[in-house]
Amino acid sequence: MIQTEFEFTLPKGYVDGDGNLHRKGVMRLSRAIDEIVPMRDPRVRSNPAYATVIILARVITKLGGLEEISSTVIENLFASDLSYLQKFYRQINELEDTGWTGLSEETEN
């Protein structure tokens with residue numbers, strides 16, 4: 001059976017509105033729809049790099065004790081944690097950086 005979920009630990013962690021730190025999480029393998037849906041979002045049309053935020057919000061299934069992983073959670077990650085998650089995403093999905101516009105190096109800036 002293929003492994004579809006992978007545990008991770010953020011280098012710094014997400015701090016929620018109550019000051020709680022969330023570092024341990026789970027990311028699932030991406031499906032084609034996870035990369036298609038963000039392209040319909042007006043935020044991505046005006047800023048293609050925003051696709052990264054939406055994709056990560058879709059594939060991260062758990063982060064600490066949070067009930068929901070929204071694009072707002074991803075937006076508020078520390079830059080080092082966002083970079084870590086982008087690399088982790090590419091690693092578990094066995095993606096190459098060249099020629100792919102989703103979570104490629106081009107969208108990290």
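The structure presented is a predicted model; accordingly, all values stated were derived computationally and were not measured.

(A) Structural detail: the pairing of strand β1 (residues 5-15). Looking at chain direction, β1 and strand β2 (residues 21-28) are connected through 7 bridges and run antiparallel. Note that in β2 the partner of T9 across the bridge is K24.

(B) Representation of the side chain of D16. Along the chain, D16 turns up in the loop between β1 and β2. The buried charged residue D16 lacks any salt bridge partner; its closest oppositely charged side chain belongs to K62, at an N-O distance of 14 Å. Looking at D16, its side chain comes within polar contact range of the main-chain nitrogen of D18, at 2.9 Å. Here the side chain of D16 touches N20 through a polar contact of 2.8 Å, landing on its backbone nitrogen. Not counting the four nearest positions on each side in its chain, D16 is found in contact with H22 and L66.

(C) View of the environment of S80. Relative to the helices and strands, S80 resides in helix α5 (residues 79-92). As for S80 and K12, which are separated by 68 residues in sequence, their C-alpha atoms are 7.4 Å apart. Excluding its chain neighbours within four sequence positions, the residues that come into contact with S80 are P11 and K12.

The rules behind each value
All residue numbers here refer to positions counted from 1 along the written sequence of the relevant chain. Reporting in this predicted model follows two pLDDT cut-offs: at least 70 for local features of residues, and 80 or more for side-chain atom pairs to be given and counted; totals over whole chains, interfaces and linings ignore these cut-offs and use all residues. Each side-chain value is derived from all of the structure's non-hydrogen atoms; neither hydrogens nor water enter the calculation. Strands are labelled as partners when DSSP assigns at least two bridges between them. Numbering of helices and strands runs from the N terminus; a helix is a DSSP stretch of H or I covering at least four residues, while a strand is a stretch of E covering at least two. Exposed residues in this analysis have more than 50% of their type's maximum accessible area, buried residues have under 20%, and partly exposed residues fall in between, with area computed by a 1.4 Å probe over protein chains only. Only four residue types enter the charge count, namely Lys and Arg as positive and Asp and Glu as negative; His and the chain termini do not. Salt bridges, as used here, are contacts in which a Lys or Arg side-chain nitrogen is within 4 Å of a carboxyl oxygen on Asp or Glu. We call two N or O atoms a polar contact when they sit within 3.5 Å, provided that within protein one can donate a hydrogen and the other can accept it, with sequence-adjacent residues counted only if both atoms are side-chain atoms. Any two residues whose heavy atoms approach within 4.5 Å at even a single point are treated as in contact.

Function cannot be inferred from these measures alone, as they are strictly geometric.
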